[in-house]
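Structural features, examined
These are the residues of each chain, in order.
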Amino acid sequence: MDDLEKAILISFDESGTIDSPLKSQAVAFCQQIKETPTICRICIEKLCFCNLIQVQFWCLQTLHEVIRVKYALLSLEEKDFVRKSVFSMCCFDVIDDSNAVRVLEGPTFIKNKLAQVLVTLIYFEYPAIWSSVFVDFLHRLSKGAVVIDMFCRVLNALDDELISLDYPRTPEELGVAGQVKDAMRQQCVAQIVRAWFDIVSMYRNSDPDLCSSVLDSMRRYISWIDIGLIVNDMFVPLLFELMLVDGEFEQLQGAAAGCVLAVVSKRMDPQSKLAILRSLQVSRVFALVTGDSDSELVSKIAALITGYAVEVLECYKRASTEDAKAVSLELLNEVLPSVFYVMQNCEVDTAFSIVQFLSGYVATMKSLSPLREKQAHYVGQILEVIRTQIRYDPMYRDNLDSFDKIGREEEDRMVEYRKDLFVLLRSVGRVAPDTTQVFIRNSLASAVASSAEINVEEVEAALSLLYALGESLSDEAMRAGSGLLSELVPMLLSTRFPCHSNRLVALVYLETMTRYMKFVLENTQYIPLALAAFLDERGIHHPNIHVSRRASYLFMRVVKLLKAKLVPFIETILQSLQDTVARFTSMDYNYTPYEFSGPEDGSHIFEAIGLLVGMEDVPLQKQADYLSSLLTPLCQQVEILLMNAKLADAEESPAKIVNIQQIIVAINALSKGFSERLVTASRPAIGLMFKQTLDVLLQILVVFPKVEPLRIKVTSFIHRMVDTLGASVFPYLPKALEQLLVECEPKEMVGFLVLLNQLICKFNISVHDILEEIFPAIAGRICNVIPKDAYPSGPGGNTEEIRELQELQKTVYTFLHVITTHDLSSIFLSPKSRGYLDSLMQLLLYAACNHKDILVRKSCVQIFNRLIKDWCAKPYGEEKVPGFQSFIIEAFATNCCLYSVLDKSFDFQDANTLVLFGEIVQAQKLLYEKFGNDFVLHFVSKGFPSAHCPQDLAQQYCQRLQGSDFKALKSFYQSLVENLRLQQNGSLVFR
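Residues numbered from 1 in each chain as written. Predicted model: local features only at pLDDT ≥ 70, side-chain atom pairs only at ≥ 80, totals over all residues. Heavy atoms only, no water.

Helix and strand counts for the chain come out as 46 helices and 0 strands. Here the chain has a C-alpha radius of gyration of 42 Å; the compact-globule value for 991 residues is 30 Å, and the former is much larger. Principal-axis analysis of the C-alpha atoms places the extent of the chain at approximately 115 × 85 × 70 Å. Buried residues in the chain amount to 53% of all 991 residues. Summed over all atoms, the accessible surface of the chain reaches about 44,900 Å², with 52% contributed by carbon and sulfur. One way to put it: in the chain the 95 positive side-chain charges average out to a point 6 Å from where the 119 negative ones average out. (Helix = DSSP H or I, 4+ residues; strand = E, 2+ residues; numbered from the N terminus. Rg over C-alpha atoms; globule rule 2.2 N^0.38 Å. Buried < 20%, exposed > 50% of the residue type's maximum accessible area, 1.4 Å probe, protein only. Areas by Shrake-Rupley, 256 points an atom, 1.4 Å probe, with all protein chains shown as cover. Lys, Arg positive; Asp, Glu negative; His and termini not counted. Charge placed at Lys NZ, Arg CZ, Asp CG, Glu CD.)

In structure tokens form, the structure reads like this:
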């Protein structure tokens, strides 16, 4: 063993016994040998005389690399030597008789590597230099199985490395592939096909594995060789004979099926394709698919059947004559039963999309109206496939019911998987509505009849079909109960499934009922059935919390839909919900954080009750009694909890706080059913009850001034009462707002300002006095917590605290904008607020010039525009706010209207920036109207020179400013800014 062989063995060693430095040294030595000029000869020599597998692999790998990367650098002599040597090895020739080693006697991976080396030579040399490679190889096939096997490997490698489009190819590789295929077609493809036929005929009984290899190679080439070489009286009978033979050679049967699939999948014009499909008589092998569903043969036959069906369907779609359509339809009808069998019983080939195929077939049915008997039968089969495919696997039943991690993952997967199947269902429903509805009715009936143990998945699938069908029905069809709906919906409402306790079944049942509630709207005799389903253990009283919460939400939607039709049932509904209402707000209810979160927190039941009780159709006395029976106990609970909290004077109990939260949420939801007109105008007694409730809930802020969740919930309730009570809420606001401002953190301040924005937008100047009273405290807080300039960027600039402050900053600008645009700017000038005016103006100016959010900048410029209108008289009038005029002319005009737009970050290509620019030009127009030459002199004589503005452009600006055409001014100012940017090339220092 020489040094190279030792080095190769060490570098390939995986035992862990060789130390790392020695291994590195061996790898380096091998690399060094690779760089020697005679490396090809070294490799060939080793391949001929060394029987160490590692050495053989290294030599083949190195040869492959050298040919691939350095082919052009090799001498003619070297190329000739490598070509002859490699070809001899592939053909089992002996190069030198003394102690010769034959590479083809090595393991599979060595033979595959040798094939790869030969293919690399073919890449560079065929057909121009080495035109006889394939013909020479064919002459050597008589040497027997070893060389035939190697020939198959070379053809496979050629497909993998160059021809197949399953892998990404460079344009150069595509060009070479085209040349190779053209040359092979012209020179040797017919001979290769003849060799395939002869080998399979000769070895089919003695060496079925070799025949399988030959057919697998052939399958790869059928897509681009002349189809007449395969589809003829010799080859087709042989292939079907091999498939249909009874014996132990399943691999050979499968390989033959693969070749027939390649034939039916070959691209050609529809007329020729249809003739071939018809002549093949593929129906001969349909029966093979009913064998052992786990066998490889069955999966190959299944792939052939589905591939054949896809091609027949494609021929039908592209057929240009009635005869062709008739033939296609005949072949399609012949194959469909087997396709349905494959879909329901076999592992379907990944290349075949069940939904895509069936959708295509259903589309063909649209032209066959009315459906023929056979097609109507196939509709039933398609529906059966859909039902089978959408069924959950019973092995996940417990996971889905307990909704653990596995259950959630499986449900998410199925939701995604079902989408296309439900689209298909709706297509079938449009083509054959009656058949579809009958199928769903029968599915429901059989699911109900089967035993509780096995029918969970059946029932869930049947209900899901009914639910999905509803999506394709018009409102009119739903209300009228067209087709079988008038039978299906009552059947749904009155059914109690043995497996109703299952979470999935209960949920889909409720969703389906809700979807068909428009039918109940028109057929009110079914209201008691619908109510019973929602109110008993199938819905709101279901033992599973997920189901009962979802039922509450869906019931609320049903109440919104049925509204006045439910008035006769209010008494029954409220009695049925007593325990649910009590449990939601009870003091000893054991809440978990999960249950008390998200959109389905259980409060929808109160919203539903509010919608019911809050209708004007309910007599006043009844309405007052209902509302009192709900609000009084809830308010009493709050009062007791507050009293206990005062007495205890200890750390707040989390359970009590959660309990109070629940009560506020409940009352809030309840109030949504009462309109402002009802509680303030037509029935003020109802309004009084809400005012009393507000009075009680505001006490929470006094007793728990620092509990953020409670402050947030009370703020939300005040929002609600502003909408419900209208102006009659005013007397409660000063105390409430004062309390909310106590120890208000930035996050809470955002909510507080949003509440004030609501009040200003709803009541305008009516809130002047309230706002004037609290604004100084707000302004003080703003000036203390919001920095005058930008927030820090970089690693430390994205903390929770900074994000909260940024959110508050944006809300502050919105708040100031709402104040100014609702005629309340005088608030800033009250004696107590005046001290904050300068700080607020500086804050607004910085944001107007520099804030990264363009919409914030726009709001700030609009605020200044409004203040200029409110506080500045026409030129030479008395100054309403001393110092404001000079601030606007010297600071705002120069920095915002000139310097900020000259910055290259001001992007005229952006739509929002253009809107901001319009506001800035509007500001200049306003400044000229209000301050006349005072503004023009300062802006043009001091601002423009610092931006290096030529005198003629400055004069043109003055003319446009004094004119009446705003668009012309805006357009001119934009071009002026763009010109100035080009001149200064970013050299201006902005102030």
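The rest of the description comes next.
This brings us to the side chain of Ser 833. Locating Ser 833 in the fold gives a position in the loop between helix 39 (800–821) and helix 40 (837–850). Ignoring sequence-local partners within four residues, the contact set of Ser 833 consists of Phe 775, Pro 776, Ile 827 and Phe 828. (Contact = heavy atoms within 4.5 Å.)

Between helix 14 (residues 270–280) and helix 16 (residues 322–345), whose axes approach to 11 Å, the crossing angle comes to 40 degrees. Considered as vectors, helix 14 and helix 16 are oriented oblique to each other. In terms of crossing hand, the pair formed by helix 14 and helix 16 is left-handed. Contacts between helix 14 and helix 16 pair Leu 274, Leu 277 and Arg 278 from the former with Ala 324, Val 327, Ser 328 and Leu 331 from the latter. (Axes fitted to C-alpha atoms, helices over the stretch in contact; angles between N-to-C directions. Parallel < 35°, antiparallel > 145°, perpendicular 65-115°, else oblique. Left-handed = near helix turned anticlockwise from the far one by under 90°.)

Let's shift gears to the packing of aromatic side chains. If you walk through the whole model with that rule in mind, you get 34 aromatic pairs. Clustering of aromatic rings is evident, with ring pairs tying together Phe 906, Phe 908, Phe 917, Phe 935, Phe 939, Phe 944, Tyr 957 and Tyr 973. The ring of Phe 92 is capped by Arg 102, whose NZ or CZ atom sits 4.6 Å from the centre of that ring. The lysine or arginine in question, Lys 325, covers the ring of Tyr 316, its NZ or CZ lying 4.5 Å from the ring centre. (Phe/Tyr/Trp six-rings, centres within 6.5 Å; stacked < 30°, edge-to-face > 60°. Lys NZ or Arg CZ within 6 Å of the ring centre and 35° of its normal.)

Moving on, we come to the pattern of salt bridges. Evaluation of the coordinates by the stated rule reveals 45 salt bridges. Here Arg 387 and Glu 384 are joined by a salt bridge, their closest N and O atoms 3.1 Å apart. Of the two residues, Arg 387 and Glu 384 both sit in helix 18 (residues 373–390), 3 residues apart, roughly one turn of that helix. Given the relative accessible area of 13%, Arg 387 is considered buried. According to the relative accessible area criterion, Glu 384 is partly exposed, its value standing at 23%. A salt bridge links Arg 496 to Glu 537; the nearest nitrogen and oxygen atoms lie 2.6 Å apart. Of this pair, Arg 496 sits in the loop between helix 24 (485–494) and helix 25 (503–515) while Glu 537 sits in the loop between helix 27 (527–535) and helix 28 (545–562), and the two are 41 residues apart along the sequence. Assessed through its relative accessible area of 48%, Arg 496 is described here as partly exposed. (Salt bridge = Lys/Arg side-chain N within 4 Å of Asp/Glu carboxyl O.)

So, about the nonpolar core. If you look at the biggest cluster of nonpolar residues, it comprises 365 residues, and the most contacted ones within it are Phe 137, Met 184, Phe 555 and Tyr 973. With 13 residues, the single largest contributor to this core is helix 42 (residues 884–902). For this core, the domains that each give at least three residues are domain 1 (226–364) and domain 2 (573–588 + 605–705). Beyond its immediate sequence surroundings of up to four residues, Phe 555 is in contact with Leu 531, Phe 534, Leu 535, Ile 540, Ile 573, Leu 577, Ile 605 and Ala 608. (Core = buried A, V, L, I, M, F, W, Y, C linked by side-chain atoms within 4.5 Å. Domains from an automatic or database assignment.)

With 12 residues, helix 45 (residues 951–962) should cover 16 Å at 1.5 Å per step; its first-to-last C-alpha distance of 17 Å lies within 8% of that length. When we look at burial in helix 45, the residues that qualify are Leu 953, Ala 954, Tyr 957, Cys 958 and Leu 961. Along helix 45, the residues classed as buried sweep out an arc of 145 degrees about the axis, all on the same side. (Expected span 1.5 Å × (residues − 1). Arc of directions from axis to C-beta.)

Mapping Asp 823 onto the fold places it in the loop between helix 39 and helix 40. The spacing of Asp 823 and Leu 158 is 665 residues in sequence and 81 Å in space, taken between C-alpha atoms. What Asp 823 contacts, discounting residues up to four positions off in sequence, is Ile 765 and Arg 866. Separated by 2.4 Å, the side chains of Asp 823 and Arg 866 make a polar contact. (Polar contact = N/O pair within 3.5 Å; in protein donor to acceptor, adjacent residues only side chain to side chain.)

As a packed pair, helix 28 and helix 30 (residues 604–613) sit with axes 8 Å apart at the nearest point and diverge in direction by 15 degrees. Compared by their axis directions, helix 28 and helix 30 come out roughly parallel. Crossing of helix 28 over helix 30 shows left-handed handedness. Along its contact with helix 28, which presents Ser 552, Tyr 553, Phe 555, Met 556, Val 559 and Lys 560, the element helix 30 presents His 604, Ile 605, Glu 607, Ala 608, Leu 611 and Leu 612. Here the contact of helix 28 with helix 30 is composed, by residue class, of 8 nonpolar, 2 polar and 2 charged. (Nonpolar A, V, L, I, M, F, W, Y, C, P; charged D, E, K, R; others polar.)

Moving on, we get to the confidence of the model for the chain. For the chain, per-residue confidence averages 89 on the pLDDT scale, and residues scoring 70 or more make up 94% of the total. In this model residues 589–600 is a low-confidence stretch, pLDDT under 50, and it forms 24 contacts with partners more than four residues away in sequence or in other chains. Per-residue pLDDT stays below 50 along residues 986–991; that stretch engages in 11 contacts with residues further than four places along the chain or on separate chains. (pLDDT = per-residue confidence, 0-100.)

Turning to a negative patch on the surface, a few remarks are in order. Negative charge collects at one region of the surface, where Glu 250, Asp 292, Asp 294 and Glu 347 lie side by side. Here Asp 292 lies in the loop between helix 14 and helix 15 (296–318). (Patch = residues over 30% accessible without salt bridge, like charges linked within 9 Å, V, L, I, M, F, W, Y side chains within 5 Å.)

Before going further, it helps to spend a moment on the environment of Leu 697. If you trace the backbone, Leu 697 turns up in helix 34 (residues 684–703). With 34 residues separating them along the chain, Leu 697 and Ile 663 place their C-alpha atoms 9.6 Å apart. Look past the residues within four positions of Leu 697 in its chain and what remains in contact with it is Val 638, Ile 664, Ile 667, Val 714 and Phe 717.

Here the focus is unusual backbone geometry. For the bond running from Tyr 126 to Pro 127, omega is 5 degrees, close enough to zero to count as cis. Within the secondary structure, Pro 127 is located in the loop between helix 6 (108–125) and helix 7 (133–140). A positive phi angle is found at Gln 281, which is not glycine, with a value near 50 degrees. With respect to the element layout, Gln 281 can be found in the loop between helix 14 and helix 15.

This part takes up the state of the cysteines. For the structure shown, the criterion picks out 0 disulfides. The thiol of Cys 761 is not disulfide-bonded; the next cysteine sulfur, from Cys 860, is found 17 Å away. Owing to a relative accessible area of 45%, Cys 761 belongs among the partly exposed residues under this scheme. (Disulfide = S-S within 2.5 Å.)

Along its sequence, the chain is organised into domain 1 (226–364) and domain 2 (573–588 + 605–705). Domain 1 and domain 2 are separated by 69 Å when their C-alpha centres are compared.

So, on to helix 24. Turning to helix 24, its buried residues are Leu 485, Leu 488, Val 489, Pro 490, Leu 492 and Leu 493. On its buried face, helix 24 is in contact with helix 21 (433–449), helix 22 (456–470), helix 23 (475–480), helix 25, helix 26 (517–522) and helix 27.

Attention now moves to the side chain of Gln 924. Assignment of secondary structure puts Gln 924 in helix 43 (residues 911–931). Exposure remark for Gln 924: the relative accessible area of 1% places this residue in the buried category. Side chain to side chain, Gln 924 and Tyr 957 meet in a polar contact 2.6 Å long. Excluding residues within four positions of it along the chain, Gln 924 makes contact with Cys 897, Phe 935, Phe 939, Tyr 957, Leu 961 and Tyr 973.

Structurally, Ile 863 can be placed in helix 41 (residues 854–871). Linking Ile 863 and Gly 943, residues 80 residues apart in sequence, is a C-alpha distance of 22 Å. Once residues lying within four places of it in the same chain are set aside, the contact partners of Ile 863 are Tyr 813, Leu 816, His 817, Thr 820 and Leu 844.

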